[in-house]
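Reading the structure
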Amino acid sequence: DVQMKDEAQPIAKAYVAAGLARMGDKARARSAMRQAVKSLGYRDEQDWYQSPLRDVAALTALAVEAGQGDIARQLQGRLENVVKDPDALNTQEQAAVLHAAYALLKAAGPISINATGAMALPPAGGAPRWAVGKLADSRFVNAGKGALWRTVSVRGTPTSAPGPAANGLVVSKRLLSMTGAGVDPANIQQGDRVIILVSGRSMQARSIALVVDDALPAGFEIETTLGADDAQNGPYKFLGELTAADVQESRDDRFIAAMDLEGNKPFALAYVARAVTPGEFFLPGAVAKDMYHPSLNARSDAGRAVIAPGP
């Protein structure tokens with residue numbers, strides 16, 4: 001009754017509403033949820049976890065769970081208009097949209113769909129699935145009593161590698177020898193060790209939660225990651241200043257790093273990889289993105305790597 005007047009965040013009000021509904025105070029729960037809906041559109045650029053989409057999705061789910069189906073149905077249309085491509089969702093938005101979809105499907109009751117021009121697949125999580133060759137040739141009719149949340153996923157193989165990109169961030173990748181000389185990726189011999197230097201800069205005034213993802217060519221394996229101390233006091237001083245990342249992982253198929261990067265600051269990361277399998281392979285570009293604002297991203301140019309058989 002007091003704090004709600006000063007609270008600006010819609011999701012905070014919605015959790016209060018859901019809590020009141022759980023306690024059985026339906027009148028105050030409804031009043032709190034209405035206040036939460038009126039607060040939608042709130043934005044806090046300093047909060048990595050908040051976004052208008054996350055708030056709409058969370059309110060939709062909480063309205064269903066609070067037994068306020070009419071408010072949930074109003075929010076469902078609003079959610080459908082603001083939801084983004086799955087690849088553009090940050091982690092909080094992904095969780096909130098799944099929460100909303102689950103709540104809406106549960107409220108809709110048993111699923112019954114008449115499908116033509118589609119091949120039935122084994123259900124996933126209790127939900128039916130179909131595969132279609134051409135979407136225009138298939139037809140799906142909701143034969144149940146409740147509304148359904150529909151997802152259409154399209155997958156394919158690109159005919160060419162994506163080009164470089166810079167959207168609020170820039171990133172580049174260089175291959176170096178163990179002494180700092182440049183390495184031609186088209187002229188590598190089996191057993192060679194190379195240092196892969198991934199560097200870039202944020203063009204944002206605020207700090208960002210940066211993730212760097214550098215996929216390996218198929219013929220390489222990561223031997224070790226390098227840290228700031230290696231470039232200052234170790235044998236790799238030619239690398240210059242390396243960024244002290246919060247996390248660096250050498251996975252089977254890629255190098256991953258995460259850090260809080262200050263606004264308008266550069267970053268540099270490095271790791272050692274070994275050429276293990278002869279052949280010609282696709283050399284992916286490195287990707288950098290703001291984990292909570294995926295529209296801020298960058299990708300370096302792709303190429304080819306050739307590993308000649310060892311002696």
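The structure under discussion appears in the preceding block.
Below is a summary of the structure that appears in this document. All of these numbers come straight from a predicted model, not from anything done at the bench. (Residues numbered from 1 in each chain as written. Predicted model: local features only at pLDDT ≥ 70, side-chain atom pairs only at ≥ 80, totals over all residues. Heavy atoms only, no water.)

1. Describing the packing of aromatic side chains
One pass over the full model with this rule turns up 5 aromatic pairs. Relative to Tyr-292, the ring of Tyr-49 has its centre 5.0 Å away and its plane inclined at 70°; by these criteria the two rings are edge-to-face. Of the two residues, Tyr-49 is situated in the loop between helix 2 (26-38) and helix 3 (52-65) and Tyr-292 in the loop between strand 15 (287-290) and strand 16 (293-299); the sequence distance between them amounts to 243 residues. Look at Phe-255 and Tyr-271: their rings are 4.7 Å apart centre to centre, the planes differ by 20°, and that puts the pair in the stacked class. Pair noted here: Phe-255 is in strand 12 (residues 254-261) and Tyr-271 is in strand 13 (residues 266-275), with a separation of 16 residues, a long-range link. Among the aromatic residues, ring-to-ring pairing joins Trp-48, Tyr-49 and Tyr-292 into one connected group. (Phe/Tyr/Trp six-rings, centres within 6.5 Å; stacked < 30°, edge-to-face > 60°. Helix = DSSP H or I, 4+ residues; strand = E, 2+ residues; numbered from the N terminus.)

2. Details of a nonpolar patch on the surface
The grouping of Val-132, Leu-135, Phe-140, Val-152 and Val-154 at the surface amounts to a nonpolar patch, some 440 Å² of accessible area in total. The topology assignment puts Val-152 in the loop between strand 4 (139-142) and strand 5 (165-167). (Patch = residues over 30% accessible without salt bridge, like charges linked within 9 Å, V, L, I, M, F, W, Y side chains within 5 Å. Areas by Shrake-Rupley, 256 points an atom, 1.4 Å probe, with all protein chains shown as cover. Salt bridge = Lys/Arg side-chain N within 4 Å of Asp/Glu carboxyl O.)

3. Brief notes about the sheet that holds strand 6 (residues 169-176)
With antiparallel pairing, 4 strands are arranged side by side in an open sheet as 6-8-13-10. Both outer strands of the open sheet, strand 6 and strand 10 (220-226), are each paired with one neighbouring strand and no more. Across this sheet, the average inter-strand angle for adjacent strands is 25°, counted without regard to direction. Of the strand pairs in this sheet, strand 8 (residues 193-202) and strand 13 are connected by 9 bridges, and their pairing is antiparallel. (Pairing = 2+ DSSP bridges. Axes fitted to C-alpha atoms, helices over the stretch in contact; angles between N-to-C directions.)

4. Here's the deal with the pattern of salt bridges
According to the stated counting rule, one finds 12 salt bridges in the structure shown. The closest approach of N and O atoms between Glu-223 and Arg-193, which form a salt bridge, is 2.9 Å. Taken together, the residues span a long stretch of sequence, with Glu-223 in strand 10 and Arg-193 in strand 8 at a distance of 30 residues. The exposure class assigned to Arg-193 is partly exposed, which follows from its relative accessible area of 34%. (Buried < 20%, exposed > 50% of the residue type's maximum accessible area, 1.4 Å probe, protein only.)

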